[in-house]
Amino acid sequence: MSTSTIANIDVELNNEGFFVDPDQWTVDMVSELALREGIEELTDAHWQVIRFMRSEYLAKGTGPTVRVLGKTSGVSIKELYQLFPKGPAKVAAKIAGIPKPRGCI
Amino acid sequence: MTDTIEKVSIIISKGSLEGIYPGLIMANGARAEGIEANLFFTFFGLDAIHKARNEHIKLATVGNPGLHFATMAGGLPGVSTVMTHYMNHKMEKLDIPSIPEFIEMIADTGAGLYACKASVDLFGLEKNDFIEQVQDIITVGEFYEKAAGGEIIFT
């Protein structure tokens with residue numbers, strides 16, 4: 001666990017870079033978090049996925065896996081990997097300030 | 001995190017339900033983690049990418065002690081079909097995709113799908129027999145070239 005300053009606010013991140021406390025996240029942190037993941041320009045589709053991850057987590061207590069994202073976010077699996085080449089669910093969860101989604105499929 | 005896996009090449013050599021799924025799950029899981037993944041289908045594993053066969057993959061009910069089922073009973077006509085149906089139903093409930101759907105999804109993640117040339121020749125198959133997501137039929141040497149710099153997993 002480590003403390004990072006994102007958008008001028010100190011937040012706790014775990015070893016993998018996920019928020020320890022999702023309540024510390026604010027929408028102002030998104031562009032800086034995305035940059036940390038190598039995404040320089042956020043498109044509407046990026047935002048759609050990030051918002052979806054966040055709202056699913058808030059509603060269900062866990063973020064969706066890539067398969068669920070592909071079926072329910074309105075963005076196809078192919079496009080998800082184009083938006084987040086380093087793993088759509090994993091990277092979008094980091095940017096959305098939620099824990100890493102767990103699930104094998 | 002110091003040790004990370006950057007690339008995996010997964011070989012699927014079996015044509016049974018329980019022989020195919022683990023490799024697919026590992027390939028899909030690798031891509032979800034941002035790990036580069038290639039899938040190689042060899043011997044009976046080719047059924048997984050065979051257009052006419054990949055919708056009819058069966059669970060092995062004979063010679064499968066893990067099933068805790070008498071081998072003689074497992075060999076009776078229809079038993080494999082019934083057990084496969086039961087297993088597919090259970091997986092569907094857990095939202096595990098069918099083999100054809102899973103392979104299409106894995107191709108969409110950007111993983112490479114390849115068929116083994118020796119097996120393709122052995123079974124008298126050609127590129128046209130395989131689903132469109134299969135990128136190429138390659139030799140063992142070409143496999144090692146593609147697998148270079150990563151982990152190789154044989155299933």
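Scroll up to find the structure this text is about.
Residues numbered from 1 in each chain as written. Chains lettered and ligands numbered in written order. Predicted model: local features only at pLDDT ≥ 70, side-chain atom pairs only at ≥ 80, totals over all residues. Heavy atoms only, no water.

Participant: Give a description of the interface of chain A and chain B that names residues and reports values.
Facilitator: How big an interface is tends to be expressed through the accessible area that disappears when the partners come together. Each partner contributes residues to the interface: chain A has 14 residues there, and chain B has 16 residues. Interface area for chain A against chain B, summed over the two sides, is near 1400 Å², with a carbon-plus-sulfur share of 52%. When the area that chain A buries against chain B is broken down by residue, the three leading residues are A:Arg67, A:Tyr81 and A:Ile105, summing to 43%. Applying the counting criterion to the chain A and chain B interface returns six salt bridges. In this structure, B:Glu101 engages A:Arg67 in a salt bridge whose closest nitrogen and oxygen atoms are separated by 3.1 Å. Residue assignment for the side of chain A that touches chain B shows that the elements contributing at least two residues are helix H3 (66-72) and helix H4 (77-83) of chain A. By residue class, the composition of the side of chain A that touches chain B is six nonpolar, one polar and seven charged. (Contact = heavy atoms within 4.5 Å. Buried area = accessible area lost by both parts, 1.4 Å probe. Salt bridge = Lys/Arg side-chain N within 4 Å of Asp/Glu carboxyl O. Helix = DSSP H or I, 4+ residues; strand = E, 2+ residues; numbered from the N terminus. Nonpolar A, V, L, I, M, F, W, Y, C, P; charged D, E, K, R; others polar.)

Participant: Give me the lowdown on the pattern of salt bridges, citing residues and values where you can.
Facilitator: For side chains bearing opposite charge, pairing can occur when the charged atoms are close. Scanning all chains against the criterion turns up eleven salt bridges over all chains. Here A:Lys94 ties to A:Glu37 by a salt bridge, and the two come within 3.8 Å at their closest N and O atoms. Taken as a pair, A:Lys94 in helix H5 (residues 88-95) and A:Glu37 in the loop between helix H1 (30-36) and helix H2 (44-60) lie far apart in primary sequence, 57 residues in all. We note a salt bridge from A:Arg67 to B:Asp95, for which the minimum N-O separation is 3.0 Å. In this pair, A:Arg67 sits in helix H3 while B:Asp95 sits in the loop between helix H3 (79-93) and helix H4 (99-108), so the two residues belong to two different chains. A relative accessible area of 6% places A:Arg67 in the buried class. If you follow the salt bridges from partner to partner, you end up with A:Glu16, A:Lys90, A:Lys100 and B:Glu33 in one network. (Buried < 20%, exposed > 50% of the residue type's maximum accessible area, 1.4 Å probe, protein only.)

Participant: Describe the sheet that holds strand E3 (residues 112-116) of chain B, with residues and values.
Facilitator: Residue and element names in this part refer to chain B. Judged by pairing direction, the sheet is parallel, and its five strands sit side by side in the order E4-E3-E2-E1-E5 without closing on themselves. Edge positions in the sheet fall to strand E4 (136-138) and strand E5 (151-154), since each of these pairs with one other strand and no more. The mean angle between the axes of side-by-side strands here comes to 25°, regardless of whether they run parallel or antiparallel. Here four bridges tie strand E2 (residues 36-41) to E3, and the two strands are oriented parallel to one another. What sits directly across from Phe40, in E3, is Tyr114. Relative to the sheet, helix H6 (residues 140-147) contacts strand E1 (7-12), E2, E3, E4 and E5, its axis offset from that of E1 by approximately 150°. (Pairing = 2+ DSSP bridges. Axes fitted to C-alpha atoms, helices over the stretch in contact; angles between N-to-C directions.)

Participant: Describe the packing of aromatic side chains, and please don't skip the residues or the numbers.
Facilitator: In total, this model carries seven aromatic pairs over all chains according to the counting rule given. An aromatic cluster is present here, built from B:Phe40, B:Tyr114, B:Phe143 and B:Tyr144 joined pairwise through their rings. Directly above the ring of A:Phe18 sits A:Lys94, whose terminal nitrogen or CZ lies 5.4 Å from the centroid. (Phe/Tyr/Trp six-rings, centres within 6.5 Å; stacked < 30°, edge-to-face > 60°. Lys NZ or Arg CZ within 6 Å of the ring centre and 35° of its normal.)

Participant: Explain the environment of A:Ala96 to me, using residue names and the numbers behind them.
Facilitator: All names here are of chain A. Within the fold, Ala96 resides in the segment after H5. For the pair formed by Ala96 and Met53, sequence separation is 43 residues and the distance between their alpha carbons is 6.6 Å. For Ala96, the residues in contact, after removing those within four places along its chain, are Trp25, Ile50, Met53 and Arg54.

Participant: Outline H4(B), listing residues and values.
Facilitator: Taken together, the buried positions of H4(B) are occupied by B:Ile99, B:Phe102, B:Ile103, B:Met105, B:Ile106 and B:Ala107. Turning to H4(B), the residues buried within the fold contact H3 and H4 of chain A together with helix H1 (17-32), E2 and E3 of chain B. B:Gly110 sits one or two positions beyond H4(B) and adopts a positive phi of about 100°.

Participant: How would you explain the nonpolar core if you had to name every residue and give the values?
Facilitator: Residue and element names in this part refer to chain B. Core analysis: the biggest nonpolar cluster contains 70 residues, and Leu24, Phe41 and Ile49 have the highest contact counts within it. No other element matches the seven residues that H1 contributes to this core. Once residues within four sequence positions are removed from consideration, Ile49 is found in contact with Phe41, Asn54, Ile103, Leu113, Tyr114, Ala115, Asp129, Phe130, Ile131 and Val134. Of all hydrophobic cores here, the second largest spans six residues; its members include Ile11, Phe40, Tyr114 and Phe143. (Core = buried A, V, L, I, M, F, W, Y, C linked by side-chain atoms within 4.5 Å.)

From the geometry alone we can't say anything about function, so treat these as descriptive.
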